[in-house]
Each structure stands twice: as structure tokens, then as C-alpha cells.
Amino acid sequence: MRRVLAWLRGDLRLADNPLVRFASPAESLLCVYVLDDAWLEDCAGLGPRIGAARLRFLWESLIALRGELLGRGSDLLVLVGDPVAEVAALVERHAIDQLRVRRDAGWEEGRAVARLAERLGSGVELWQPDSGTLLDEDDLPLPLASLPPSFSAFRRRVTRDATLPASWPAPVTLPPWPEDAPRGLPALHRISPAAADWTADARGDFCFAGGEAAGLARLDHYLWQSGAVASYKQTRNALMGSDFSTRLAPWLAHGCLSARQVHDAVRAWQATHGASDSSEWVIVELLWRDYFHWAARQEGAALYGRQRLPPVDDAFLHWCRGRTGVPLIDSAMRELFATGWLSNRARQNAASFLIFELGGDWRLGAAWFERCLVDYDAASNWGNWRYVAGVGRDRRGHRFDIPWQARRYDPEGDYVARWQPSLASQPVAQPHRLRCADVQRFPPSPGGKVPPVDP
Ligand SMILES: Cc1cc2nc3c(=O)[nH]c(=O)nc-3n(C[C@H](O)[C@H](O)[C@H](O)COP(=O)(O)OP(=O)(O)OC[C@H]3O[C@@H](n4cnc5c(N)ncnc54)[C@H](O)[C@@H]3O)c2cc1C
């Protein structure tokens, strides 16, 4: 019988997780998560790559996962260090026969597995299934190399030609833990006091808690308890409130939920309530997520741009801190920093402003989002930034008319008043007028659009 090591990364759940699924018995199973210590170091002067909000959510997810594993006769080991070195040492020390790790979209993650495979040689079987997406690569209706340049074309092909596999339930029992293997996880305050003490600003309307059960509870709330899914298509562009969108992204990004679980739950809801544009649109958004995942796999290192990051300048730092002088943008950036989350509409506006009005390098914006977002996902984050900038597969670029967006999505100025109380006393719509002094500091280019940096 095999001695198996499951190297968990963005797949912190038991249901619909091929890494903990066994068609035939195994002698033992060692589940390990390694927090890359490089993520805790400063990146480009922006702070650690993993900010407090995400690190806390990650730890909550790991604690919850350990509970689920213990209940099934297994356990979890969490280490902090170089993932390749740590996993290689475990494989060697515990005479592992089979190493399981999902195929990630991120280039760095792929490189790490390649380095590990090289180090271990052919004596250890490496199994790399797809996991977490709606479709596996084998289910795609076209070869990955022929991925269409536009999402619409991808969606048409998938809708016409692909069958989405169903999700699997969690296993009831798991192979035993190797007798001599270490177990457990370090206390978060020893790794990052800031993350251990992190609480989201209550103005964000929502408090995310990591873990599979919390993700399933949110899914249940959004579909069955509140029924908010019935109006998703009308509400999804809002800026404030807890139920205008699913808020499932953090659980999907950490793999506490798989996209297939969400898909199956929406289909079950539709079987009772009938299909509608709104419930169907949730699935369209999950397809966007898949599209960025497959695009990232195709693009490799190019996803992050080919040149070194430029140094940060004052304009960029003002953008990060919500001090550009443009109320909608400043409110969005303050919300992001204070809560770790931002609506899709606010993300688009903030990205467009940095790229097209400030002429900033989109990669710095993506790096700042990586640090701040609780739902950071390499493919979705860098893919969306490239999409807005028009430097990815879709070369059109998406520049937003910020004053128009502000009037359309924050007509009463409530959003701005929430995040910039000093503007609250001004008459309705006044908060969206650009304040002259600030605009002069960051003037939009005279002819309109600043061409995006395409490194
Ligand atoms: C500049 C920028 C950066 C982004 N960075 C990330 C990121 O790091 N991680 C991330 O998950 N999403 C990212 N997004 C996509 C999107 O903004 C978030 O997925 C969404 O706002 C999360 O809220 P929700 O779960 O309520 O989404 P909903 O609107 O309820 O959508 C349901 C699910 O569909 C997926 N989804 C929706 N829109 C997109 C999209 N445009 N691209 C990919 N997947 C999507 C998400 O998994 C989401 O949870 C980014 C968008 C922009 C414009």
C-alpha cells in the first residue's frame, strides 16, 4: 500500500478535493500546508505579499480544515518556510511513495512543483490533478493552446460543447496519519501579530471567516436563506451592502469551496425556484474565473509582465492610501485597506484610474491588490488587471469614466460619505466633484487616455 503525502495549497477543503479522495486504500496520508516565508517579506516597498486580512483568513481556514481532518482519522501539519525544501524533507523522512498536489494556475506554483519533482527524482510518483475549477483541462471543449482571446468566445464554446462535472461529497474516513510524523500548526501571533489581531472595519458590511463550513454557510445564506441570488444580476454592481453579490470569492480563492460546489448548489436552487438570468449569471462569473485560470496557465510568467517592477512613486502611494483627491477612488482604496475586500465595480474603477489617469504601472496595482485582498487569487487578480489595462489576451483596454461611474453607482454620495466622513456634510453629488488642488497634482493626460504600460 502507498504512503501518500497531500501537499495542500489553494485547496483547503475535503469535499470535491481529489487530493483526499482514494479509490483504493493507502497505508498512510500526510496532509501538509507550507506557508511560504517569502510571502511575509516586503515586496517592492509595498509590505508583505500576504497582508493581515488574507493571512488571518488563511489561518482560520487551516484551523477549520484540521478539525475536519481529525474527525476523519487524519490530521494536518502546517509549516512556515520554503515549500519545496519542507515538502522534500517530509517526503524523504517519511518514505512517501506518492505526492499529490493540485495543478495551480500561477507560474511560481508550477515552478515550485517542477523544482520539487527534479529534487525527488523518479522514485516518488507525482500526481497533479486539476482542482477547484468548474472544468478540468480534460473537460475543456478545445485544447488549452487554442484558448480564445476573448471570454465571450470561451463562454460560447463551453456552453455549447462542454459538460460540467458534478462535485463529490467529502470522504467520511481517511487513511491513518503516519505514526512518526509531526502534526499541528503554529499559533498565528508568532508568525504575524498584525494578522492575529486583524479585524475588518465594520463599515464593510461583512465579516469573512475562513473554513469550509463557513463557506458553505455563506452559500446557503445567499441561495436559500436570503434568496439574494434571485436579484444578483441587478445588484452585482453595487458598492455597499452584504448581499449584493455572493461574497464567495475568499472561500473560492483559498479552496474552502470549489467552483463546482457553487455551481451544483445554484443548480439545486434553480430546480426549486426556476432558472433566471440572475442565478445563471453567477455561473457566468464562475466561468470568468475559469477563463482567467486557463489563460494564466497558458501565459506562464508573462502573466506578471516581463520586466522588473518599477519603483513606487508618490502618485502610486497616494492611490494606495486613498489620497488621490478623487472621492470614489479614495473611498474604494480606503475600503480595500480597511476590510480586505472591494466590490467588482470599485476594483474596476480603482484599476482603471491607476492605469489610465495616473499612467501607473498596472503591475504595481496588482501587487497592492495581492497584498490587501482577502480573496487574492493569482490568475483572477493579475488576469483582471491585464484585462483592464488591455495588455492581456484581450487588447482593448477598459477605461472607466470615473465621474460618470460615481454618479451612476453612488448617486447620493453614500459610499463616499461612509469612507470619507469629512465629505459627508457636502450637498448630494458634491462629493463626486473633483477637488481642484488634488486634480492639479494628478492631472489626467491632456489628450485623454494615458497608454497603459505593457512591460
Ligand atoms: C482589478 C481586479 C482585481 C481582481 N482580483 C481578484 C482576485 O484577486 N481574486 C478574485 O477572486 N477575484 C478578483 N477579481 C474579480 C472580482 O472583482 C471578484 O471575484 C469579486 O468582486 C468577488 O466578489 P464576489 O465573490 O461577491 O463575486 P460575485 O460577483 O458574487 O461572483 C461570483 C464569483 O465569480 C468569480 N468572479 C466574479 N467576477 C470575476 C472576475 N471578473 N474575474 C474572475 N472571477 C470572477 C469569483 O470567484 C466570485 O466569487 C478582480 C477584479 C478586478 C477588476
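Only a predicted model underlies this, so the values are computations on that prediction, with no experimental measurement involved.

### Focus on the site of the ligand
In step 1: Taken together, 26 residues are adjacent to the ligand, and Y232, S245, T246, R247 and N344 come closest.
In step 2: S245 is positioned such that a nitrogen or oxygen atom in its side chain is 2.5 Å from an oxygen atom of the ligand.
In step 3: Contact distances for the ligand include 2.9 Å between an oxygen atom and a backbone N or O atom of A249.
In step 4: Calculation on the ligand without its partners gives an accessible area of 810 Å², and the protein chains cover 97% of this total.
In step 5: Elements with a minimum of two residues in the shell around the ligand: α9 (249-253), α11 (277-299), α14 (344-357) and α16 (378-389).
In step 6: Of the residues contributing to the shell around the ligand, the split by class is 13 nonpolar, seven polar and six charged.
In step 7: Residue-level mapping places the shell around the ligand at the junction of two domains, with at least three residues from each of domain 2 (132-167 + 210-302) and domain 3 (314-441).

### Re unusual backbone geometry
In step 1: A positive phi is found at D16, a non-glycine position, where the angle reads about 50 degrees.
In step 2: Looking at the element boundaries, D16 is found in the loop between β1 (3-8) and β2 (28-36).
In step 3: Residue classification places D16 among the buried residues on the basis of a relative accessible area of 3%.
In step 4: Unusually for a residue other than glycine, R247 sits at a positive phi of about 60 degrees.
In step 5: Here R247 lies in the loop between α8 (232-235) and α9.

### Let's talk about helix α3 (residues 107-120)
In step 1: End to end, α3 covers 20 Å across 14 residues, agreeing with the expected 20 Å (1.5 Å per residue, within 8%).
In step 2: Looking at α3, one finds that the buried residues are A112, V113, L116 and L120. All buried residues of α3 fall inside an arc of 95 degrees around its axis, so they share one side.
In step 3: Where α3 is buried, its residues meet β1, α2 (83-93), β4 (98-100) and β5 (125-127).
In step 4: Positive backbone phi, at 75 degrees, marks G121, one or two positions downstream of α3.

### Quick notes on the pairing of β2
In step 1: Counting buried positions over the nine residues of β2 gives nine, a clear majority of the element.
In step 2: By the alternation rule, side chains of β2 split into S28, L30, V32, V34 and D36 and L29, C31, Y33 and L35, which are all buried.
In step 3: As paired elements, β1 and β2 share six bridges and run parallel to each other. Counterpart to R3 in the pairing with β2 is S28.
In step 4: Bridge count between β2 and strand β3 (residues 77-81): five bridges; the pairing is parallel. Pairing of V32 across the sheet is with L77, part of β3.
In step 5: A crossover connection joins β2 to the parallel β3 through helix α1 (residues 52-70); in handedness this β-α-β unit is right-handed.

Calculation notes
Residues numbered from 1 in each chain as written. Predicted model: local features only at pLDDT ≥ 70, side-chain atom pairs only at ≥ 80, totals over all residues. Heavy atoms only, no water. Near = heavy atom within 4 Å. Polar contact = N/O pair within 3.5 Å; in protein donor to acceptor, adjacent residues only side chain to side chain. Areas by Shrake-Rupley, 256 points an atom, 1.4 Å probe, with all protein chains shown as cover. Helix = DSSP H or I, 4+ residues; strand = E, 2+ residues; numbered from the N terminus. Nonpolar A, V, L, I, M, F, W, Y, C, P; charged D, E, K, R; others polar. Domains from an automatic or database assignment. Buried < 20%, exposed > 50% of the residue type's maximum accessible area, 1.4 Å probe, protein only. Expected span 1.5 Å × (residues − 1). Arc of directions from axis to C-beta. Contact = heavy atoms within 4.5 Å. Pairing = 2+ DSSP bridges. Right-handed = clockwise from strand over helix to strand, strands pointing away.

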